[in-house]
Amino acid sequence: MAALVGRRALIQALDSASRLSVSPSCMRQSGLSRGPATRLYSSESKDDLRVRYLDGEDSGIVVVGLNRPKAKNAISKNLVKMMFDTVEDIKKNNKVRSVIICSVVPGVFCAGADLKERAKMHQSEVGPFVSKARALITELGNLHVPTIAAIDGAALGGGLEMALACDIRISSNNAKMGLVETKLAIIPGAGGTQRLPRVISVSLAKELIFAARVIDGKEAHRLGLVSHSVEQNDSGDAAYQRALELSREINPQGPIAVRMAKLAINQGIEVDLATGLAIEEACYAQVIPTKDRLEGLAAFKEKRRPQFKGE
């Protein structure tokens, strides 16, 4: 049964992939594309999210910046809608090679749900909103390209759940993280109870969730919650800078190969080893007929840097 489920999930994912053809410097990098693909907003509500498609040598990197300073980037109805739109844009753009989720607001990544907005909701509205937020974070986790969460400040509740949906998390040493929902007599509702145990151990995830404990970047790194914890800099964007460095390492690699590697890992980790190996074999088969594979062999033979086009 596990093998059957795993193969069905892989077929669906492969089918989806085949259709793909003073604020922190998170938003102040030189080389930001201002072409038609870049969303630029003016009014306050439409400025909740700032999306930049980098160009030049950083072409292929998309920086998604949360920007609700008065609400500490809390997740609102409007932010969910804007992030859904952004994810859809990225899915349709086969030139995207990596995505960085960061904050434009100093000292905070995302404080979780917008409780002021939540308090104004009728009880009948809460469930559908949480479902929509959960669906957004699932879509983020299912993006075909590598995603990196740059945590330069507090990532609490839904904010940490958003980061957990990313492939890689990088934090500053002084960043604060925690799934704190039990303090409000609720539980994490956007994947936290499922993703945190998969990232760290089950017992540690239970401890952190049951106690609503908040930990810093150093402790998060010790537990394996983040891949890197870096000393914060004067600009308050050390995690973003490290994330940008990592994106620059990923970008030159074969884009189809990176997507297939992500798919093989994500699908394989959920099934038994034999099924996982079959998934890896199926993903490997996808890269064999590509022009990029032939370019990689030619570049190796000619001792030059390969020029991959995602074909």
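Residues numbered from 1 in each chain as written. Predicted model: local features only at pLDDT ≥ 70, side-chain atom pairs only at ≥ 80, totals over all residues. Heavy atoms only, no water.

Caption draft 1: Quick look at the pattern of salt bridges. Considering all chains together, one arrives at 13 salt bridges under this definition. Residues Glu 245 and Arg 242 are paired through a salt bridge, measuring 3.8 Å at the closest nitrogen-oxygen approach. A residue pair is termed a helical-turn pair when its members lie 3 or 4 positions apart in one helix, as Glu 245 and Arg 242 do in helix H9 (residues 238-250) at three residues. Where salt bridges share partners, they join Glu 88, Lys 91 and Glu 139 into one cluster. (Salt bridge = Lys/Arg side-chain N within 4 Å of Asp/Glu carboxyl O. Helix = DSSP H or I, 4+ residues; strand = E, 2+ residues; numbered from the N terminus.)

Caption draft 2: Looking closely at the environment of Val 108. With respect to the helices, strands and loops of the structure, Val 108 is situated in strand S5 (residues 108-110). In this structure Val 108 comes out as buried when scored by relative accessible area, which is 7%. Separated by 68 residues in the primary sequence, Val 108 and Lys 176 place their C-alpha atoms 8.7 Å from one another. (Buried < 20%, exposed > 50% of the residue type's maximum accessible area, 1.4 Å probe, protein only.)

Caption draft 3: Unusual backbone geometry, seen in detail. At Asn 73, a residue that is not glycine, the phi angle is positive and equals roughly 60°. The topology assignment puts Asn 73 in the loop between strand S3 (61-66) and helix H2 (77-92). Unlike most non-glycine residues, Ala 185 shows phi in positive territory, near 65°. Mapped onto the secondary structure, Ala 185 falls in the loop between strand S9 (176-178) and helix H6 (192-199). With relative accessibility at 72%, the residue Ala 185 sits in the exposed group.

Caption draft 4: Geometry of the pairing of S3. Among the six residues of S3, six are classified as buried, and the element is accordingly described as predominantly covered. The two faces of S3 match: Ile 61, Val 63 and Gly 65 on one face and Val 62, Val 64 and Leu 66 on the other face are all buried. Pairing geometry for strand S2 (residues 49-54) and S3, over five bridges, is antiparallel. Bridging across to S3, Arg 50 finds its partner in Gly 65. (Pairing = 2+ DSSP bridges.)

Caption draft 5: Just the side chain of Glu 181, in detail. By secondary structure assignment, the location of Glu 181 is in the loop between S9 and H6. Given a relative accessible area of 9%, Glu 181 falls into the buried group. Apart from residues no more than four positions distant in its own chain, Glu 181 is found in contact with Gly 157, Gly 158, Glu 161, Ile 186, Ile 187 and Pro 188. (Contact = heavy atoms within 4.5 Å.)

Caption draft 6: Molecular detail of the pairing of strand S8 (residues 168-172). The buried fraction of S8 amounts to five of the five residues, a majority that puts the element mostly inside the structure. Alternating residues of S8 divide into Ile 168, Ile 170 and Ser 172 and Arg 169 and Ser 171, and every residue in both groups is buried. Bridge analysis of strand S6 (residues 147-151) against S8 gives four bridges, and the strand direction is parallel. Paired with Ile 148 across the bridge in S8 is Ile 168.

Caption draft 7: Representation of the nonpolar core. Counting residues in each nonpolar core, the largest one holds 50 residues, and the members touching the most others are Met 177, Leu 196 and Leu 225. The leading source of residues in this core is H2, at seven residues. One finds Cys 102, Ile 168, Ile 170 and Leu 246 within the second-largest nonpolar core, a separate group that totals 16 residues. (Core = buried A, V, L, I, M, F, W, Y, C linked by side-chain atoms within 4.5 Å.)

Caption draft 8: Summary view of the sheet that holds S5. Ordered in space as S5-S7-S9-S10, the four strands form an open sheet in which the pairing is mixed. The sheet is open, and its two borders are formed by S5 and strand S10 (215-216), each paired with just one other strand. When strand S7 (residues 154-156) meets S9, the two strands line up parallel, connected through two bridges. Paired with Leu 156 across the bridge in S9 is Gly 178.

Caption draft 9: Just helix H11 (residues 273-287), in detail. Helix length check: H11 (15 residues) gives 21 Å between terminal C-alpha atoms against 21 Å at 1.5 Å per residue, within 8%. Taken residue by residue, H11 has Thr 275, Gly 276, Ile 279, Cys 283 and Val 287 as its buried positions. Buried residues of H11 fall within an arc of 130° about the axis and therefore sit on the same side. Facing away from the buried surface of H11 by more than 90 degrees, the exposed residues are Ala 274, Glu 281 and Tyr 284. Capping the start of H11, Asp 272 holds a side-chain oxygen 3.2 Å from the backbone nitrogen of Ala 274, two or three residues further along. (Expected span 1.5 Å × (residues − 1). Arc of directions from axis to C-beta. Polar contact = N/O pair within 3.5 Å; in protein donor to acceptor, adjacent residues only side chain to side chain.)

Caption draft 10: Looking closely at the confidence of the model for the protein. For the protein, per-residue confidence averages 85 on the pLDDT scale, and 86% of positions sit at 70 or higher. Contacts from residues 16-23, a stretch scored under 50 in pLDDT, to residues over four places away or in other chains number nine contacts. Segment residues 29-43 is flagged for pLDDT under 50; beyond a separation of four residues in sequence, or across chains, it makes 30 contacts in the model. (pLDDT = per-residue confidence, 0-100.)

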